Amino acid sequence: MSNQLSIFVVLSILMKTRLLFLFIAFSLTENPCKSQDAALGQWNDYLAYQQGLTVCQGGSKIYCCCFSGIFFYNLSDNSLERYSKVTGLSDIGCTVARYNTSTNTLVIGYSDGNIDLMVNNHIINIADLKNSTAQGSKKINNSYFNNNLAYISCGQGIMVVDLNQYIILDVYYIGASGSALNVYSTTIYNDTLFAATSKGVYKISVNDPNPSDFQAWSVVSSPLPPGVYNEIVSCGSKMYASFSRRLTYNTYNEDTLFVYSSGKWSHASILQGNDNIYSLQSQIINNTPYLVYSGSGNANTYDTSGTLISHIYSYQLTNAPQPNDAVLDNAMTTWIADANYGLVRAPSSYSVQNYYPPGPFSNLVFAIATKGPYLYSAPGGYDGSISPLGIRHIGV
């Protein structure tokens, strides 16, 4: 393992979030993780959970990841519970949450490289990357599971975590000369580990004796163009990779989906017109593989023949859909992590229900006031020169 993870430092950058919310208690619990409301005389948290980032299913629970923390909808009793730093998570700034069914572990990643493992309602923290002196981004982008191993994609490369022992087994720095390379996603297809990165799609045999050697990795070239690939998934006998023109050239609605089948790459023709691809997920429901992709204003499900199974394009709510991520439950209902509506249950377009714990739309709280039974919060504030920040798009 690189010595970049052997030296620990104290980071305090995130503490500048302007009182990160007048609603948080500063005496925090550690283990176990507690989700229930606070008793009389104790602090409670009312954070922003409406801006959903990722979604996954673990047993009877649908987990939604937001900046403030995690909340889940229980399919068994229709209850909603939340977890934040107040109730046991180790950090703020969640970026992704994925559930490993082999170990019944929810893997939670943060923007600063921190990792929480939620097992049996307890939190095991892995802070090696967060506390390291590694330069550049440490953001946790995604997690891919192979039995008890988690391949965690991050700004530095790939971390391999044993979810039985709760330890980092290795770190793959696959950039030039063994440098850091931003890895967005990984998957295993047949006997090869693939990585979607900021500089193309990389691959290595899963049987390679030294995957931490950057020279053992190779870049997939033609017909895949160079640039940023933000997703890669295996689905049945095929593999899909998303070339993000949005992240490569800052151009919108021009992303390209490639498919690998029968030993070759080609363009996949399943996108609904010009689109951005925000996430790809592969699922098996009733022994049938499905590809779920989240794009601009829509979330879609396909079988491996390319047949459109589900197309969610409208909520009949105030705002149009803005899916960041989507999954299917066993009843083939689409669940969406939406940028405005938190967690959205969508059996079909025009038949939706959204869920999120009580709290403001944003954590950028500058002032609060009460009137009768209501508590109002307003964003805003001043910069170092005492000039207004000009935050107008959030509202009260």
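Novice: How do you make sense of unusual backbone geometry when you look at a structure like this?
Specialist: Excluding glycine, a negative phi dihedral is what most residues carry, and trans is how most peptide bonds are arranged. Cis geometry marks the peptide bond from Ser-222 to Pro-223; its omega dihedral reads 10 degrees. Among the secondary structure elements, Pro-223 is positioned in the loop between β16 (218–220) and β17 (229–235). One non-glycine residue, Asn-147, lies in the positive phi region at around 60 degrees. Relative to the helices and strands, Asn-147 is located in the loop between β9 (140–146) and β10 (149–154). Here Asn-147 falls in the exposed class, since its relative accessible area comes to 52%. A positive phi angle is found at Ser-262, which is not glycine, with a value near 55 degrees. Checked against the element boundaries, Ser-262 lands in the loop between β19 (256–261) and β20 (264–267).

Novice: It is not clear to me how the layout of surface pockets should be interpreted in this structure. Could you clarify?
Specialist: The volume enclosed by the largest pocket comes to roughly 1,000 Å³. Lining the largest pocket are 32 residues, and of these Tyr-99, Phe-145, Gln-281, Ser-282 and Gln-283 sit closest to its centre. Sorting the residues of the lining of the largest pocket by element identifies β1 (54–58), β5 (94–100), β9, β13 (183–189), β17, β21 (277–285) and β25 (323–328) as the ones contributing at least two each. By residue class, the composition of the lining of the largest pocket is twelve nonpolar, 18 polar and two charged.

Novice: Whenever I open this one, the sheet that holds β17 confuses me. Can you help?
Specialist: Across the sheet, four strands lie side by side as β17-β18-β19-β20; this open sheet has antiparallel pairing. Of all the strands in the sheet, just β17 and β20 have a single pairing partner and so form its edges. Between one strand and the next, the sheet's axes are offset by a mean angle of 20 degrees, whatever the strand orientation. Relative to strand β18 (residues 238–243), β17 runs antiparallel, the two being bridged by six bridges. Across the sheet, residue Ser-234 finds its bridge partner in β18, namely Met-239.

Novice: Any chance you could explain the nonpolar core here in plain terms?
Specialist: Nonpolar side chains in soluble globular proteins tend to end up buried together. Ranked by internal contacts, the top residues of the largest apolar core, which has 18 residues, are Ile-115, Ile-140, Ile-152 and Met-159. Mapped by element, the contributors of at least two residues to this core are β7 (115–119), β9, β10, β11 (158–162) and β12 (167–172). Leaving out residues up to four positions away in the same chain, Ile-152 has contacts with Val-107, Ile-115, Ile-140, Asn-142, Ser-143, Gly-157, Ile-158, Met-159 and Val-161. Core analysis: the second largest hydrophobic core is formed by 15 residues, Cys-56, Cys-65, Leu-106 and Ile-123 among them.

Novice: Could you clarify how one ought to interpret the pairing of strand β29 (residues 365–371) in this entry?
Specialist: Two faces, one strand: in a regular strand the side chains alternate between the faces of the sheet. Inspection of the sheet shows β29 paired to strand β30 (residues 374–379) by six bridges, in the antiparallel sense. Opposite Ala-367, over in β30, you have Ala-378 as the bridge partner. In textbook terms, the turn of a hairpin is the stretch between consecutive antiparallel strands, and for β29 and β30 this stretch comprises two residues, one of which, Gly-372, has a positive phi near 60 degrees.

Novice: How should the pattern of salt bridges be read in this particular structure?
Specialist: Working definition: two side chains of opposite charge can pair if their charged atoms are close together. Summed over all chains, the structure comprises three salt bridges. We note a salt bridge from Asp-325 to Arg-98, for which the minimum N-O separation is 2.8 Å. Of the two residues, Asp-325 is situated in strand β25 and Arg-98 in strand β5; the sequence distance between them amounts to 227 residues. As a salt-bridge pair, Asp-112 and Lys-130 come within 3.7 Å of each other at their nearest N and O atoms. A residue pair is termed long-range when its members are at least 10 positions apart, and Asp-112 in the loop between β6 (105–110) and β7 and Lys-130 in the loop between β8 (122–126) and β9 qualify at 18 residues. Residues Asp-112 and Lys-130 agree in their burial class; the two are buried.

Novice: Explanation requested: the packing of aromatic side chains in the structure shown.
Specialist: Two aromatic rings are characterised by how far apart their centres lie and by the angle between their planes. All told, the structure shown has 17 aromatic pairs when counted by the stated rule. Between Tyr-144 and Tyr-151, the ring centres sit 6.5 Å apart and the planes meet at 45 degrees, which makes this aromatic pair tilted. The partly exposed category is assigned to Tyr-144, whose relative accessible area is 21%. When its relative accessible area of 10% is taken as the criterion, Tyr-151 is described as buried. Considering the side-chain rings of Tyr-260 and Trp-265, the 5.2 Å spacing of their centres and the 55 degrees angle between planes classify their relative orientation as tilted. For the pair Tyr-260 and Trp-265, one class covers both residues: buried.

What counts, and at which threshold
Residues numbered from 1 in each chain as written. Predicted model: local features only at pLDDT ≥ 70, side-chain atom pairs only at ≥ 80, totals over all residues. Heavy atoms only, no water. Helix = DSSP H or I, 4+ residues; strand = E, 2+ residues; numbered from the N terminus. Buried < 20%, exposed > 50% of the residue type's maximum accessible area, 1.4 Å probe, protein only. 1 Å grid on protein atoms, 1.4 Å probe; cavity = no way out; pocket = protein on both sides within 12 Å on 5 of 7 lines; lining within 4 Å. Points joined across faces, edges and corners; volume = space filled by probe spheres on them. Nonpolar A, V, L, I, M, F, W, Y, C, P; charged D, E, K, R; others polar. Pairing = 2+ DSSP bridges. Axes fitted to C-alpha atoms, helices over the stretch in contact; angles between N-to-C directions. Core = buried A, V, L, I, M, F, W, Y, C linked by side-chain atoms within 4.5 Å. Contact = heavy atoms within 4.5 Å. Salt bridge = Lys/Arg side-chain N within 4 Å of Asp/Glu carboxyl O. Phe/Tyr/Trp six-rings, centres within 6.5 Å; stacked < 30°, edge-to-face > 60°.

Function cannot be read off these values alone, since they describe shape.
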